[in-house]
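# Remarks on the overall topology
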Amino acid sequence: MADELSEQRVVPKDLGPTPKAAFDWSDGKRLHSLSTLHDTVSSKINGTAEWYMRGKKWRRKFGRMARVAAMVLATLAAAQPTIAEMSRSQDGLWARPGVATIFALVAAALLLLDRFFGASTGWVRYVTAGLALNDLRDELESAWRLECSTWANQPEPNIDQTKHALTLLHGFIARVNDVVRVETEAWKAEFQSALQQVEEYARAAPHRVEQAGLKVVVANFDQTEGSWMISLNGGTPETVTGPEKAYTLTPGQMQVAVEAKLKGAEKKLRREEIVLLKAGEITTIPLSFA
């Protein structure tokens, strides 16, 4: 009978109470009733264990992907300012202010999603519960064989033996429920903590990106042909038609290259400056072509 139930068993969508069954404890029917109850308890243990083992799969995949992505993004957030400085270019999105902050925020959001859905911690809980239930199933079969051995050379257990067997099987049902209860209480505590963290994250003030100002002033602009070229960190030159040009940039070292052609001159003149931009400050570079 146990094999038939095992073949027909379907993993439940959600955990529920022990299935109801009719039992008859009159003489001649006690053995069949005990066997039916044993199969019911065994089916409950197997179904609950399989429910946990099935539920752990997506949690393991989601938790692993979220945490790997978060680690990659956190590494990029830490490395971005250095890489942007090494590239010496402000033209691409990669080197613009705030990119590192975006990486860090996305990494934090992934970890928060993992915590909210309980993927990583849920995977651990489900594996622990599934292993405990597998151990409980093996213990049930051993205890049941030992119990049956006490009925040797009897057509069926007597009333006292039946009561002892019922107590044994009831104990296993209670232990299954205890495993589920412990896992559920752990999930409840983690979920409440995750909700609180999400609320704190939502109420937190937006992180302001540290920025620095840069102003390049051509003192003798009136002596030029009406325009000059500027490039930052070796980027694409930009044409300027006024005496000054202002930028909002990421703090750090900056290479500024300016080219201009004076009226009546045959060649362009070039000036280069390397400055250190500080957060919250405007750095002015006065230049003159002669």
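Refer to the preceding data block for the structure.
Attention in this report is confined to the structure presented alongside it.

Parameters at a glance
- Residues numbered from 1 in each chain as written.
- Predicted model: local features only at pLDDT ≥ 70, side-chain atom pairs only at ≥ 80, totals over all residues.
- Heavy atoms only, no water.
- Pairing = 2+ DSSP bridges.
- Helix = DSSP H or I, 4+ residues; strand = E, 2+ residues; numbered from the N terminus.
- Axes fitted to C-alpha atoms, helices over the stretch in contact; angles between N-to-C directions.

### Notes on the sheet that holds strand E7 (residues 282–287)
- An order of E4-E1-E7 is seen for the three strands of this open sheet, with the pairing classed as mixed. Edge positions in the sheet fall to strand E4 (244–249) and E7, since each has one partner strand and no second. Here the strands of the sheet are splayed against their neighbours by 15° on average, with no regard to which way each runs.
- Of the strand pairs in this sheet, strand E1 (residues 212–218) and E4 are connected by six bridges, and their pairing is antiparallel. If you follow Leu 214 over to E4, its bridge partner there is Tyr 247.

### Re the pairing of strand E5 (residues 252–262)
- In terms of strand pairing, strand E2 (residues 224–232) meets E5 through six bridges, oriented antiparallel. In the strand pairing of E5, Ser 231 is matched with Ala 257.
- Sheet topology note: the E5/strand E6 (residues 269–277) ladder contains nine bridges and is antiparallel. Bridging from a neighbouring strand, Val 258 pairs with Arg 271 of E6.
- Taking the residues that link successive antiparallel strands as the turn, the E5-E6 hairpin has six residues, and the phi of Gly 264 there is positive, at about 80°.

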